Amino acid sequence: MLLAALALGCSDRQSYRDAKMDAFIDGLMEKMTLEEKAGQLNLPVAGTIVTGEGVSVGVEDRIANGEVGGLFNVKGAAEIRRYQQIAVEKSRLGIPLIFGMDVIHGYETVFPIPLGLAASFDMEAVEQSAHIAAVEASADGIAWTFSPMVDLGRDPRWGRVSEGSGEDPYLNARIAEAMVYGYQGRPGEQFVSKDQIMACVKHFALYGGAEAGRDYNTVDMSRQRMFNEYMTGYKAAADAGAGSFMASFNVVDDVPASVNKWLLTDVLRDQWGWDGFVVSDYTGISECILHGVGDYHEVGVRALNAGMDMDMVAEALPTQAIVGLKNGEVTMKTIDRACRRILEAKYKLGLFDDPYKFCREQEAASVVYSAENRAIARRISGESYVLLRNEGDVLPLDRKGTVAVIGPLAKTAENMPGTWSVAAQHSRCATLLDGIKEVAGPDVRVLYAKGSNLCSDYALEMNSTMFGRELGRDSRTDRQLLDEALAVARRSDVIVAALGEASEMSGESSSRTSLDIPDVQKELLKALLKTGKPVVLVLFDGRPLTIEWESKNVPAILNVWFGGTEAAYSIADVLFGDVNPSGKLPMTFPKNVGQIPIYYAHKNTGRPLDEGKWFMKFRSNYLDVDNDPVYPFGYGLSYTTFEYGPVTLSSASMKPDGKIVASVKVTNTGSVAGKEVVQMYIRDVKASSSRPVRELKGFEKVLLQPGESREVSFEIGVDALSFWNQQMEYVAEPGEFRVYIGGDSRATAEASFELL
Ligand code: BGC
């Protein structure tokens, strides 16, 4: 038998494993009672981490009774081992639990928030960050992470854009895939090593389309927009082999995702051929009562019949499955199907071989938050920062003289990791001030003043402090804080202003209707500029902010998102030029909230505004502001400059089953080495449907030494030219396609070809 297995190829080996798995699960399920099967569908919350409303009671007794399939929010291998022991030793069949957690952008070693990771445009870095998260989490008991979050977001009022990869369908798909590989391994190599954990793709689906950017709000869109734009990330993650999906809180076609059969079964399984398990999002199933689509019993039954397999917190699925079976509303086959999917996940993870596989206390002590992982996090976070402005080459800073570090975000450790870093120990992060002091070296004098509170509105500050992470409100008056800051500023040669959002001003339930830098901080910034000293704005944010005024008045702006546990050092690395910034915006920065949603891949309309114009009567525009953003998608500066040559194509036409190669010569024309994200956009000039003015279809991050040139090429296949048409067919239509290559979404170098 063993020899036969060894002789098998990779996919045969997969089916050999599947056959073994099926036989094992068949045998186990024969022994299970209805109640035990229903128990597998139950995912209560335990432990000390709080990520939502609602608590689960009597968890330990219920594990012993076989009424629980998994647990989440328990931190630490020892504690997880304790719960696992109850399942294995006290429940009748000893079925192990699966332990989940929101390991979103790192475990204790935290990487940039996902929007920042996306800004790196570095897929190796993204994959590596997810892998390190898995290495740490898996040693500490976690088998399953509620990540990647691949909800496309084009409305920065929605606080959860911080958790995704921004506005672009193509970038979203590449990142979705990289994250799944990072957690689970590459196809054919998944779940073979002890540090691979199961991904959970969320939130299925379209959660980022919430109306008015208000969290949990209604989503409504055409099928074309769904599949051409919002679905690409989920699909790519499914294709990458993601083991589980999480249903979203919102409605899709007026039916809440948790009970939406079209979504959970017709699309996910029948259309995409995906075969993992689906979990609800927190109390998503019982929330269907408030959506007005049924009572507790009805929504539990509907969810199960729609294709939901596991219920997070609400417990409607396990309990109502039993009632529903008695009433004839649910079949045994449906319950078995959901139960089997959970058992399969546990089997694939190796939990039946060793329920304590992920409880490696000793190893956890050495790998979690290790110096090695932190060094990688420092490097990766340095890739995520976006240099938005650098007039007069204020940056990089000289390693001499006096630097004043000023602002409410300058000296706070709590703020550094960013939202959804539930496993992090926030207080041990270095503050920006610490980082600057360390990296600046002995010849730089570093002064500090707080300068202002987060905002004048105490209620807003309190609303932004989920998980109790506050910045600490200063009891001095605004005037006193400002005077102290100005006194410090006057004694310095350059000012680093650390301003923006507190970490919990973005993330879940953190929507905003104003995206300005909060009031007192903006006053502080204006006052600092008036001193006449050069000012570098280090802008913390979990979303695009409206910084039109800043973009014209502050000489240097470095957008740092929330860079994770090592952010303090990596920001300082960039400020002092040890690292050349290379991040590019994964989301458009609007001029004001009224322009939202604003994204580069928009449709042309029949009345587009002429290039460079502010307003034209009877055109698609606004009376009071032009259509351009402050900073477009893909934008970001460097300490060097890059020049692009013309775009060349391998052929003037392409056969429907052919390929074409688009190339460009990129030269580093400055005096330091730097990385450039070379971006390729395509426009389908004429089609049966109106197509976006351009769409990202390829990118490559290249390192160029001063004076070095590189030919960067992109292969264009039929997929890059295809779209879902009005009949919902995926087609590439013959005709002209334009290719643009450059350093952001406004790239002008172009060439065109004909699809035959
Ligand atoms: C969030 C999910 C998260 C879950 C568990 C929910 O409130 O929407 O993204 O995975 O909580 O913490």
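Please read these numbers as outputs of a predicted model, since none were measured by experiment. (Residues numbered from 1 in each chain as written. Predicted model: local features only at pLDDT ≥ 70, side-chain atom pairs only at ≥ 80, totals over all residues. Heavy atoms only, no water.)

### A closer look at the overall build of the protein chain
The condition that has to hold: Here a helix means four or more residues in a row that DSSP labels H or I, a strand means two or more in a row labelled E, and each is numbered from the N terminus. To get the radius of gyration, use the C-alpha atoms; to get the globule rule, take the number of residues to the power 0.38 and multiply by 2.2 Å. Buried residues are those whose accessible area, probed at 1.4 Å on protein chains only, stays under 20% of the maximum for their type, while exposed residues exceed 50% and partly exposed ones sit between those limits. Working rule for contacts: check all heavy atoms of both residues, and any pair within 4.5 Å makes them a contact. Note on charges: Lys and Arg go in the positive column, Asp and Glu in the negative column, and His and the chain ends are not counted at all. Charge positions come from single atoms, namely NZ of Lys, CZ of Arg, CG of Asp or CD of Glu.
Across its full length, the protein chain holds 23 helices and 27 strands. Here the protein chain has a C-alpha radius of gyration of 26 Å; the compact-globule value for 756 residues is 27 Å, and the two agree. On the principal axes, the C-alpha backbone points of the protein chain span a range of 75 × 65 × 55 Å. Taken over 756 residues, the protein chain has a buried fraction of 63%. Looking at the protein chain alone, contacts between residues at least 24 apart form 78% of all its contacts between residues at least 6 apart. Side chains of the protein chain carry 78 positive and 102 negative charges; the gap between the two charge centres is 2 Å.

### Here's the deal with the site of the ligand
Here is the rule we go by: Think of it this way: one heavy atom of a residue within 4 Å of a molecule or strand is enough to make that residue near it. Contacts described as polar in this section are N or O atom pairs within 3.5 Å, which, within protein, must combine one atom able to donate a hydrogen with one able to accept it, while residues neighboring in sequence count only if both atoms come from side chains. Methods summary: accessible areas were calculated by the Shrake-Rupley approach with a probe of 1.4 Å, and residue burial reflects only the protein chains presented. Classes in brief: Ala, Val, Leu, Ile, Met, Phe, Trp, Tyr, Cys and Pro nonpolar; Asp, Glu, Lys and Arg charged; the others, Gly included, polar.
In the neighbourhood of the ligand, 14 residues make up the surrounding shell, with Thr 51, Asp 102, Arg 160, His 203 and Asp 281 lying closest. Between Lys 202 and the ligand, the recorded distance is 2.9 Å, taken from a side-chain N or O atom to an oxygen atom. In the model, an oxygen atom of the ligand is placed 2.5 Å from a nitrogen or oxygen of the Asp 281 side chain. When the free accessible area of the ligand is taken as 310 Å², the share hidden by the protein chains comes to 99%. Of the residues that constitute the shell around the ligand, the class distribution is 7 nonpolar, 2 polar and 5 charged.

### Thoughts on the domain arrangement of the protein chain
Counted only if it meets this: Where each domain starts and ends comes from a domain assignment, either automatic or drawn from a database. Two parts placed together each lose some accessible area under a 1.4 Å probe, and adding up what both lose gives the buried area. In what follows, salt bridge is the name for a side-chain nitrogen of Lys or Arg lying within 4 Å of a carboxyl oxygen of Asp or Glu.
What the domain assignment lists for the protein chain is domain 1 (383–586) and domain 2 (642–755). Spacing between the C-alpha centres of domain 1 and domain 2 amounts to 36 Å. Listed by partner, the interface residues are 4 residues for domain 1 and 9 residues for domain 2. Both sides of the domain 1 and domain 2 interface together cover about 500 Å² of buried area, and 35% of this is carbon and sulfur. The interface formed by domain 1 and domain 2 includes 3 salt bridges. Joining domain 1 to domain 2, the criterion identifies 6 residue pairs in polar contact (both at pLDDT 80 or more). For the side of domain 1 that touches domain 2, a count of residues per class yields no nonpolar, 2 polar and 2 charged.

### Things to note about the pairing of strand β20 (residues 660–668)
Our working definition: Any two strands with at least two DSSP bridges between them are considered paired.
Of all the 9 residues making up β20, 7 are buried; the element is thus mostly covered by neighbouring parts of the structure. In the sheet, strand β17 (residues 642–644) pairs with β20 via 3 bridges, with the strands oriented antiparallel. Residue pairing for β20: Tyr 644 is matched across the bridge by Val 666. Pairing of strand β18 (residues 648–649) with β20 involves 2 bridges; the strand directions are antiparallel. Note that in β20 the partner of Leu 649 across the bridge is Ala 662. Bridge analysis of β20 against strand β23 (residues 709–716) gives 8 bridges, and the strand direction is antiparallel. Within β23, the residue paired with Val 664 across the bridge is Val 712.

### A few points about a negative patch on the surface
Quick note on the threshold: Patch building starts from residues that exceed 30% relative accessible area and form no salt bridge, then joins like charges within 9 Å and nonpolar side chains (Val, Leu, Ile, Met, Phe, Trp, Tyr) within 5 Å.
A cluster of like negative charges, contributed by Asp 457, Asp 478, Asp 519 and Glu 523, occupies part of the molecular surface. Structurally, Asp 457 can be placed in the loop between β13 (444–449) and α19 (458–463).

### Regarding the pattern of salt bridges
One pass over the structure, following the stated rule, counts 47 salt bridges. Arg 157 is the salt-bridge partner of Asp 155, the closest N and O atoms lying 2.7 Å from each other. Because the salt bridges share partners, they merge into one network encompassing Glu 60, Glu 79 and Arg 82.

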